[in-house]
Structure formats: C-alpha cells, structure tokens
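Observations on chain architecture
So you can see what is in the structure, the chains are spelled out below.
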There are 2 protein chains.
Amino acid sequence: MSLVIKQNSKTLYKKYVQHLQKIADVKYAAAVLQWDQETYMPPKGANYRAQQVATLSEIAHHLYTQTSFKKILLQLKEATDLNDEQQKNITLSWYDYTQQEKLTPLFVRKLSTTVSKSFQAWMEARGKNKFSLFQKDLAALVKLKQQEADLLGYEQHAYNALINQYEKDCTVTELDRVFDNLQIPLKKILAQIAAQPQVDDSLLQQPYAANTQWQWGLDIMKQMGFDFEAGRQDKSEHPFTTNFSSQDIRLTTRIDENDFSNMTWSCIHELGHGLYEQGLPAAAYGLPLGEYASLSIHESQSRLWENNIGRSHNVWKYLLPIAQKYFPQQLGNTNTTAFYKAINKVAPSLIRTEADELTYHFHVIIRYQLEKALMGGQLPVKEIPAYWNQLYQQYLGITVPNDKQGCLQDVHWSHGSFGYFPTYSLGSLYAAQFFAAAKKQVPGLEEGITKGQFQPLLAWLRNNVHIHGRRYNSQQLCEQISGEPLNIDYFMNYAHDKYKSIYEF
Amino acid sequence: MSLVIKQNSKTLYKKYVQHLQKIADVKYAAAVLQWDQETYMPPKGANYRAQQVATLSEIAHHLYTQTSFKKILLQLKEATDLNDEQQKNITLSWYDYTQQEKLTPLFVRKLSTTVSKSFQAWMEARGKNKFSLFQKDLAALVKLKQQEADLLGYEQHAYNALINQYEKDCTVTELDRVFDNLQIPLKKILAQIAAQPQVDDSLLQQPYAANTQWQWGLDIMKQMGFDFEAGRQDKSEHPFTTNFSSQDIRLTTRIDENDFSNMTWSCIHELGHGLYEQGLPAAAYGLPLGEYASLSIHESQSRLWENNIGRSHNVWKYLLPIAQKYFPQQLGNTNTTAFYKAINKVAPSLIRTEADELTYHFHVIIRYQLEKALMGGQLPVKEIPAYWNQLYQQYLGITVPNDKQGCLQDVHWSHGSFGYFPTYSLGSLYAAQFFAAAKKQVPGLEEGITKGQFQPLLAWLRNNVHIHGRRYNSQQLCEQISGEPLNIDYFMNYAHDKYKSIYEF
C-alpha cells in the first residue's frame, strides 16, 4: 500500500514539475517580449506588443489557477514521502497558488495592458518633460493596484499587499521602523561630511567615447565573473536585468558620452543582478527553488558589487590601471586615492540612480512616502509633482527644476511596480551585512580584490546566497549568513569607515 | 427574428476575431523567441529555448482546436449575414481548423522540440563540416514529417501533404511539370551563355569593410521604401525575415568582408519579403486576410526586388554612383555596364543563395528531387550526402568538395521545412510574370527606376499583391494580375532579353 502511495506522489510530483515548467516557459516568453520592447523593438511594434504580453500573462495565470493543478498541489501538500526539497517547492507553490487565485483572468489581462499603455505614456511624458501626459494612465494604474491590494487582502495598509509581492511579509510598520532608524545616523554623517571641503570629481565629467565605454564595461563584467555564454549585454534607455532561464541572462546599460560614472556603475550594478541569476540552481528551472529569494536579496547582490566592491578603494588599485588604458587622456594623470575620492563624492542630487551611497536612501524614502500616500488614497495622482518636489526640498534640500529630473525619472510606476523601491534600501543594508560576513569567512578576500581576484567572493555568494534560490526568505537568509536579523549598524559602520577616510573628519 | 440572428453573428464574429488574435499573440511570441535565438541569444540560452518555443506552439495549437472555437466556426460558416471579407476569413479559418485538428497536441510538441534539437545539431554539423553529426536528428525529423503527412492525409505522394502546407493545392505532379518544362529552355540558354566569353566579376571580390556594407545595406532598404519605424535589420548567420505583426518586421543579413554581393542582394531579397509583410492589412491582425497568400507569392516579392529590380541595368544607373561613394576605392573605376555584367555572371556554383538567376533553379530542382525521395521513403537519410553530390554533378556539372558547401548549406531541413524549396523557383517565375504586368500597367516604371523612384512599383505591389493578404491563392492572384495562370515564358523571355545583352549571343 505504501508503495502505491509513493509511486503516486512521484507521478504527481512529475506532473507538478511539468506544469510549473510550462508556466515558466510562458512567463519567460513574456520576458523575452519585454526585453525586446526595451532594446530593439521599432516604434510601431508597440501597437501589438502590449496585447501579446497581456495574452501571455493571462495564459500563465490561467495555467496556474487551473483546478487540475490545484488538485495536484493539494495532494502533494498531504504527501508524506517527498524529500525536503520537494516539500519546500510544494509549500512555496501552494502559497503562489493562493495568491494567484485571488486575481481574476480579466484583472490580470487588464493590469497587463494598462501597464503597457502606461509605459508608453511615461516614455512620451518623460521625453516631453510633461507629467500631465502620464497622469491619466498613471491614475488608472494606481486605481488598479489599489484593487489588486483589495483582491490580495492585507492588514492595516493597502500598500502592505503590494510590498508583500516583492518582499514577503514586509510591512509599512517594518519599513517605517527601518527608515526612521536609518535617517538619524544618516543625517549625522551627512552633516559631518558637509562640514568638510568637498572632493573634486571633475575628472569623471569629461568626454568618454561611447564605443570605448562599451568595451570597458564588458571588460569589467568579464573580469568579475559574468558568463557571456549564458548571458549578454545590450543597450536600453533604462538599465535592467532580466532572464529567460538561469542560463540566459540579459543585462542592459546606457552610455553618457560625457560621464564616466553613469555606465560604469550601472554595468557593475546589473552585473550583480546577473551573477545572482546565473548562480540560481539551473536544474530547478520553473520551480520555486530555482527562483530568487526576494527583491531585497536581489538588490543586495547588485548593491554589493556596485558599492561594497565597485566603489571600494581596494578594487580600484586593480581596475584603475586598466581604466587608464581605455582612457589614457581622461584618467592618465589621476591616482587611486584621488580617483577613489572622486567616485565617492557625497552630495544631494536629483537622480536616484546617480546618487551616492548615503543620499541614495533619501531618494528611496521619498518614493516610499509617495507610494504609501498614493496607495492609502491620501495623495491624488495629479499632485505627485508638487509633493515630489516638496519632499526633495525637505529631505535633500534641493529644488527640482522639472518633471523629467523629478517624478518622471523612474520607470517603476509605469510598470505598476509599487512597493518595489523600498527593497533598494533594504538591499543596500543587506549588502553591507553580507559583505561583513564574507570578509570574516573568506580569508584574504580584500587583499584578493586589490589583485582582481573576484572568484573567492563570487564563490562565497554562490554558496551562501545564490544556490538557495527561494528556499529562505530575506530574514531567514540574513540570519543564516550573519547570525542575526537585518541590522543597519553594518551599513552605518561601513559608511563611517569609508567616508571618514574620504572626507577626513 | 432576423435582427436577432444578425446580432448573434456579430457577437460570434467578434469572439472569433478575439480568439484568433489571441492565437496570433502566442504565435508571434514564439516568432520573437525564434528571432532572438538566431540573432542575440547566448549559446547556453539554447538549453531551455527549445522547450519555451514548444510550449507556445502547443498552446497555439490547443487554442485553435478547442471545441468552443470549433462551435463558433461552425455557426459562422452557416451565417448568412456576414460581409464578403468576414465570409472569406471564416472559410480560410475553417480550412486551417480542419488541418490543425488532424494533429494531436503531443505531436505538435514533439515536432517543435525535434525541430529545435535538429537545428542545434545542424549548426554543430555545419560548423564541423560533418553530416554524420546531423544525421540522427534529421532522420527523426524526416520520420516525424512522414507521420505528419499521414495525419494530414494526401493523394498519390506523401510529399504532397507537406508541399500543401506552404503552397495550397500544389502537388508533385504540378511541380514535375513545371520543372520539366523549365529545364529544357534553361539548359538551352545556359549552353548559349557557355559558348560566349565569361564576364569578369573580380571587382566584387575585394575587401569591403563590414561597417560600410552595413550602412550601405540600410541605405538601399530605406531608398526602396522599407519603413524602419515598423521594422529593423539585424545580423544572423542565415538571413531571414520574420514578423510580429505587420508593423514589426525583422530582417536579418550577413556580411562577407571580402565580397560585395553576398550582403547586398541578401538585403534586397529580405527587403522584398519585408515590404510584403509591411503591406499586409494592419487591421486584420491575426486574421487570414492579414496573412500572406502563400510562400511562392512571398518569394515572388523577394525575388522581384532582388533580381528584376536589384540586378537590373536600370537600377544601377541610379545605385552605382551611391555605391561608389560608400566604396570609392573598390568601385570608383567601374561603369554601369561593366558592373551590370559583373553582378549577373552566370556560372554553376555550390551555394544556392549565391547562385545566378538561371542556375538557381537547378539548386532548387536538386533539393526537390531529394525531398521527394526522402518523403517517398526511397532515400535513407544517411545517403543524402552521396545523392546530393551526385545530383550536383548531374545538373550543374560540379563536384561538391564537402558537406558544408553541400547538403549542410541550407537551414530548411533542420527546421523541418520539407516542401519549402520548390516555392523558391515558383516565386522567381511569378516575379517575372508580375513584373511584366507592372511594366505594362505603370507608365514610366523602368525610367523611374533609373532615377531611384521606387514608390510607383511599391504602390503597384501594395495594391495588386500585398493588400489582398490571403484572399487569393497563388494561382488566383496570378490570373488576377496577369490574366493567365503561371506561365514560365515570362521568366524565360526576361532571361533571354537580359542575358543576350550581357553575353552578346
């Protein structure tokens, strides 16, 4: 009898895997279409692309919520002969199912087409520097996201339901606490920095030829371990990482011909995302354990490479001589220390993606405040620009000259991604905590970085973060790696050590 | 009562359109994945791409063969209040349905994955110049295609079922007749040419910088009317055209840095396909009337632009001065007549895509003979190389030195496309017949070409070919345009006039 049940579970589990992989095929197909939309698609291609992506979203949702699949999940939930890995997959898939079934096919389709429409509207509005062109579509999207929150259910705040999609079990309460705790020491260190003479970063703003930047970007990525047999880089207006399996990772970047920083750290940032995706267990294609843990963990990988490595003194002992070969005229006369200071200049600025590591968090906090108010119904969409500008004055003390450099700068809202921004700060905090653990656990890690030895760090990340896929949530992973929950002291200590040496306070 | 029926048909027709558009979304998504596979996908991406495309194919087939959709079609077939266009769509969709329902979902999936596997095997075999590496997968594919023929049903010859997928109602009997009739005058004119001194085409084989060729290719395409807002060109190992709606056409090309011809006429050829796709009725997205008529008609468009225009004396009166600006060193010293002769050199050769307009047909006839024997079961797959080489000796009098330049040169069989090649010859024949009609109907057409006025020809093709979509089959369209069925005399007369002047016989 027990043999029969065993066989039954085995067969059922196989069916479960096949069905999830089929859903993955459809979702990844949609990802290919979206990647193409942002990299190569000609303008008129947009006329049907939205519909094509919506159809795939609808099909994926339909496949997930099929009664026959629910039955398989229910049976496997009760099965006693699954191994630990199989059980974990089933638990996570059951959770996913319960989330998916709360949304109707019609809603999924409507959300997808509204997102595509909003993205086009945002592109136009941004190009023409006119928020009003985006307002109507954004308002429709905000309303849909509020509906989504209602459908998904939440406690206390509608925004919680949306945050939960990116960062499971994270809430407004928790985020308020983190951001409140973070602001105090951040403001203190910023005041210390402001009291010192500003560093000179003018060498970064010179003409840097696009082609050479492109080659330089690929060079760093190769050195840091990106597998170009399992991925590639292309250009897009807004850098992003996507993937169509753990063996096909697409990064994008953008080039500013009068700035060295923009592409360099965008490359390293997306590289961090890409390395994570390449390190997810390939055999678990389509299964929860083949997926990333959470957005904050994803961001911890990009921020760790971008900042803890990419803006470190150590790495530039190795990279600067290489950069000087690419750009002898622009960088030939600098030295590691001066260059290190230049790339770590701290100053309030308008654009989040170009912000230094400290003021960056205020950019996130501002978006978090706006999203909370939008989803809570306190902020009408048409008042976004005014409130945005007010918050920039309040938190960063700067005046926003126009919408393009203000509330139209980020793509996220046009994608319907509300609740996404906070994971950027969480990611930076996790990055500092993880990097501290790595330094303890990998002998000679920092010394190696000065010689371009990135493999030990990558191997550590592979074994401690990547390989687990979605087995642990952010908090569990953090405790497992560092022995304690998220602790902002790691970030603040890192910041103190770093900026004390740079600004000499 | 009649009002009720009318409303009912209207609602049903709307459902029919929605369902077909959904299927189109899925099919075009698969096309995006295939386009990416041949242009940008990194090598390891192949590991899951085959499965992703197979899943989409299976879903598209599933959607087409749903009982609920069959019911809609059956009701609309009987409806008396559809307009002419709607009736035509329903008739064609019903035919498509009857074809689709003959294939099981399992078969569709198996065919798709076998094709992807075969394509990878062919790529490797071609790279390593070794047919044996392709043999096993090709044999599996041939067997599947024979099964497909059995499932679809046929009279007289299994190959008929496959030809019918590309060229409705075309048969082995018909093709035997056309090729038999074509061979006699072709051999005669080739003998006349062989008796004359050979033309010198050495100026075409010089170093032509890749970047300049790329720009030059885009320039011609722009001049000839390709809408780059609704399409683009990329590079691939094997030039092809695909589309994701009539407003997103993707062409690809390849560049040989030591040859002017390879990319130039490949660009113009694919341009012809692209202009056809851009001219299909945009509003009929997903519907039969928004689709191309047949493969031979598709090929008539590419061959017309490539040969009747692209290799004409007239067009180079306009294009040569432009080409000379791109390549002053290589082309600065030639003149239109010498250049015209060089690009029309007739000589037996190994590679179909590089063949002249006359010997080209023998390349097709050879493949036709092979396919007929393969599908009829007279030719075992392992004997393809030997038979291929024997036929090249027999028809073209040349010795095939290796598989790469022999039976591994074309991608088609690895795609499972048996019955496709004959449409290449038919396309050239239709092109000559259509071009003769256009010259009669458009005053000053040829004179305009000498001045780079391509718009009158494109407008004629739009109105006489493109706009009809799939309304007429090849034969009907041919009769409508030229007043008679396919007649090889048009091609032979065109060939006579052309080569008599070039070879002076």
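On a predicted model such as this, the values are computed, not experimentally measured, just so you know. (Residues numbered from 1 in each chain as written. Chains lettered and ligands numbered in written order. Predicted model: local features only at pLDDT ≥ 70, side-chain atom pairs only at ≥ 80, totals over all residues.)

1. Concerning the overall build of chain A
The number of helices and strands found in chain A is 21 helices and three strands. Computed over the C-alpha atoms, the radius of gyration of chain A is 23 Å, within 12% of the 23 Å expected from 2.2 N^0.38 for a compact globule of 505 residues. Overall size of chain A, expressed as C-alpha extent along the three principal axes, is 75 × 55 × 45 Å. Expressed as a percentage of the 505 residues in chain A, the buried residues total 45%. In chain A, once contacts between residues fewer than 6 apart in sequence are set aside, the share between residues at least 24 apart is 72%. (Helix = DSSP H or I, 4+ residues; strand = E, 2+ residues; numbered from the N terminus. Rg over C-alpha atoms; globule rule 2.2 N^0.38 Å. Buried ≥ 20, exposed ≤ 12 C-beta atoms within 10 Å, placed from the backbone. Contact = placed C-beta atoms within 7 Å.)

2. Overview of helix 8 (residues 172–194) of chain B
Residues and elements named next belong to chain B. Compared with an ideal rise of 1.5 Å per residue, which puts 23 residues at 33 Å, helix 8 spans 31 Å between its outermost C-alpha atoms and is within 8% of the ideal. Glutamine 183 marks the point of greatest bend in helix 8, at about 25 degrees, and the proline proline 185 comes within the next four residues. Among all positions in helix 8, only Val172, Leu175, Val178, Leu182, Leu186, Leu190 and Ile193 are buried. Looking at the buried side of helix 8, the elements it contacts are helix 7 (158–166), helix 15 (360–376), helix 17 (422–441) and helix 21 (488–503). (Expected span 1.5 Å × (residues − 1). Bend = angle between axes of the 7 residues up to and from the residue.)

3. Focus on the domain arrangement of chain A
Residues and elements named next belong to chain A. Per the domain assignment, the segments of chain A are domain 1 (2–101) and domain 2 (172–503). Taken over C-alpha atoms, the centre of domain 1 sits 31 Å from the centre of domain 2. Contact with domain 1, which involves 17 residues of that partner, is made by 15 residues of domain 2. Mapped onto the side of domain 1 that touches domain 2, the elements with two or more residues apiece are helix 1 (2–39) and helix 4 (84–100). (Domains from an automatic or database assignment.)

4. Thoughts on the sheet that holds strand 3 (residues 249–253) of chain B
What holds strands together in a sheet is hydrogen bonding between their backbones, with the strands either parallel or antiparallel. All names here are of chain B. Strand order in the open sheet formed by three strands is 1-3-2, with mixed pairing between adjacent strands. Both edges of this open sheet fall to strand 1 (231–235) and strand 2 (241–243), since each of them pairs with a single strand only. Strand-to-strand twist of the sheet, defined as the mean angle between neighbouring strand axes without regard to direction, takes the value 25 degrees. Strand direction decides the pairing type here: strand 1 and strand 3, joined by five bridges, are parallel. Considered in strand 3, the bridge of lysine 235 is made with threonine 253. The sheet contacts of helix 10 (residues 261–279) involve strand 1, strand 2 and strand 3, and relative to strand 3 the element is tilted by about 170 degrees. (Pairing = 2+ DSSP bridges. Axes fitted to C-alpha atoms, helices over the stretch in contact; angles between N-to-C directions.)

5. Section: the packing of helix 17 (residues 422–441) of chain A against helix 20 (residues 474–482) of chain A
Residues and elements named next belong to chain A. The geometry of helix 17 relative to helix 20 is characterised by a closest axis approach of 9 Å and an angle of 25 degrees between their N-to-C directions. Overall, the two elements helix 17 and helix 20 adopt an arrangement that is roughly parallel. Crossing of helix 17 over helix 20 shows left-handed handedness. Residues Tyr430, Gln433, Phe434 and Ala437 of helix 17 pack against Ser474, Cys478, Ile481 and Ser482 of helix 20. Among the residues forming the contact of helix 17 with helix 20, the class breakdown is five nonpolar, three polar and no charged. (Parallel < 35°, antiparallel > 145°, perpendicular 65-115°, else oblique. Left-handed = near helix turned anticlockwise from the far one by under 90°. Nonpolar A, V, L, I, M, F, W, Y, C, P; charged D, E, K, R; others polar.)

6. Considerations on unusual backbone geometry
You will see that Asp169(A), though not glycine, has its phi angle at about 70 degrees, which is positive. Its place among the elements puts Asp169(A) in the loop between helix 7 (158–166) and helix 8 (172–194). When the 12 C-beta atoms within 10 Å are taken as the criterion, Asp169(A) is described as exposed. Residues other than glycine seldom take positive phi values, yet Asn129(B) does so here, at roughly 55 degrees. With respect to the helices and strands, the residue Asn129(B) is situated in the loop between helix 5 (105–127) and helix 6 (132–152).

7. Details of the relation of the copies chain B and chain A
Turning chain B through 180 degrees and shifting it by 0.0 Å along the axis lays it on chain A, with an RMSD of 0.0 Å. Within this description, the copies of the chain are treated as partners about a two-fold rotation axis. Rotation axis and chain B: the residue whose C-alpha lies nearest the axis is Ala29(B), separated from it by 3.4 Å. Of the interface residues in chain B, 100% have counterparts in chain A that sit at the interface too, so the contact is made through matching surfaces. (Least-squares fit on C-alpha atoms with pLDDT ≥ 70 in both.)

8. Focus on the interface of chain B and chain A
In this assembly, 31 residues from chain B lie in contact with 31 residues from chain A. Residue assignment for the side of chain B that touches chain A shows that the elements contributing at least two residues are helix 1 (2–39), helix 2 (46–64) and strand 1 of chain B. Ranked by residues supplied to the side of chain B that touches chain A, first place goes to helix 1 of chain B with eight residues. Considering only residue class, the side of chain B that touches chain A consists of 16 nonpolar, eight polar and seven charged.

9. Section: the nonpolar core
Membership of the largest hydrophobic core comes to 109 residues, with the highest contact counts inside it found for Leu271(A) and Phe491(A). Leaving out residues up to four positions away in the same chain, Leu271(A) has contacts with Met221(A), Met224(A), Phe226(A), Leu251(A) and Trp305(A). Core analysis: the second largest hydrophobic core is formed by 106 residues, Phe131(B), Ala323(B), Leu396(B) and Ala438(B) among them. (Core = buried A, V, L, I, M, F, W, Y, C linked by C-beta atoms within 7 Å.)

10. Considerations on the sheet that holds strand 2 (residues 241–243) of chain A
Residues and elements named next belong to chain A. Taken in spatial order, the three strands line up as 1-3-2 in an open sheet, and their pairing is mixed. With partners counted over all chains shown, the strands left at the sheet margins are strand 1 (231–235) and strand 2, one partner each. Within the sheet, the average angular offset between the axes of one strand and its neighbour, ignoring direction, is 25 degrees. Helix 10 (residues 261–279) rests against strand 1, strand 2 and strand 3 (249–253) of the sheet, and its axis sits at about 170 degrees to strand 3.

11. Points about helix 2 (residues 46–64) of chain A
Here helix 2 of chain A is 19 residues long and its end C-alpha atoms lie 27 Å apart, about the 27 Å a rise of 1.5 Å per residue gives. Burial within helix 2 of chain A is extensive, with 15 of its 19 residues counted as buried.

12. As for the environment of Asp403(A)
Residues and elements named next belong to chain A. Take aspartate 403: it is sitting in the loop between helix 16 (384–396) and helix 17. Taking the C-alpha atoms as reference points, aspartate 403 and leucine 175, separated by 228 residues in sequence, lie 27 Å from one another. Beyond its immediate chain neighbours, meaning those up to four positions away, aspartate 403 contacts Asn129, Lys130, Phe131, Pro385 and Leu408.

13. Some words on the confidence of the model for chain A
Here chain A averages 96 in pLDDT, while 99% of its residues score no lower than 70. Among the prediction metrics, the complex's ipTM stands at 0.94, with pTM recorded as 0.95. (pLDDT = per-residue confidence, 0-100.)

14. Side note on the pairing of strand 3 of chain A
Residue and element names in this part refer to chain A. Across the five residues of strand 3, five count as buried, placing the element largely inside the fold. Judged by which residues are buried, strand 3 turns out to be covered on both faces: Ile249, Leu251 and Thr253 on one side and Arg250 and Thr252 on the other are all buried. Linking strand 2 back to strand 3 in an antiparallel pair, the connection comprises five residues.

15. Re the packing of helix 10 of chain B against helix 11 (residues 295–309) of chain B
Residues and elements named next belong to chain B. For the pair helix 10 and helix 11, the least separation of the axes is 7 Å and the interaxial angle reads 135 degrees. In terms of axis orientation, helix 10 runs oblique to helix 11. As for the relative orientation of helix 10 and helix 11, their crossing is right-handed in sense. Where helix 10 approaches helix 11, its residues Trp265, Ile268, His269, Glu270, Leu271, Gly272, His273, Leu275 and Tyr276 are matched on the opposing element by His298, Gln301, Ser302, Arg303, Leu304, Trp305 and Glu306. Considered class by class, the residues forming the contact of helix 10 with helix 11 number seven nonpolar, six polar and three charged.

16. Structural notes on the environment of Gln324(B)
Residue and element names in this part refer to chain B. The topology assignment puts glutamine 324 in helix 12 (residues 313–326). Counting along the chain gives 175 residues from glutamine 324 to alanine 149, while the straight-line C-alpha distance between them is 51 Å. When sequence neighbours within four positions are dropped, the list of residues in contact with glutamine 324 reads Leu331 and Gly332.

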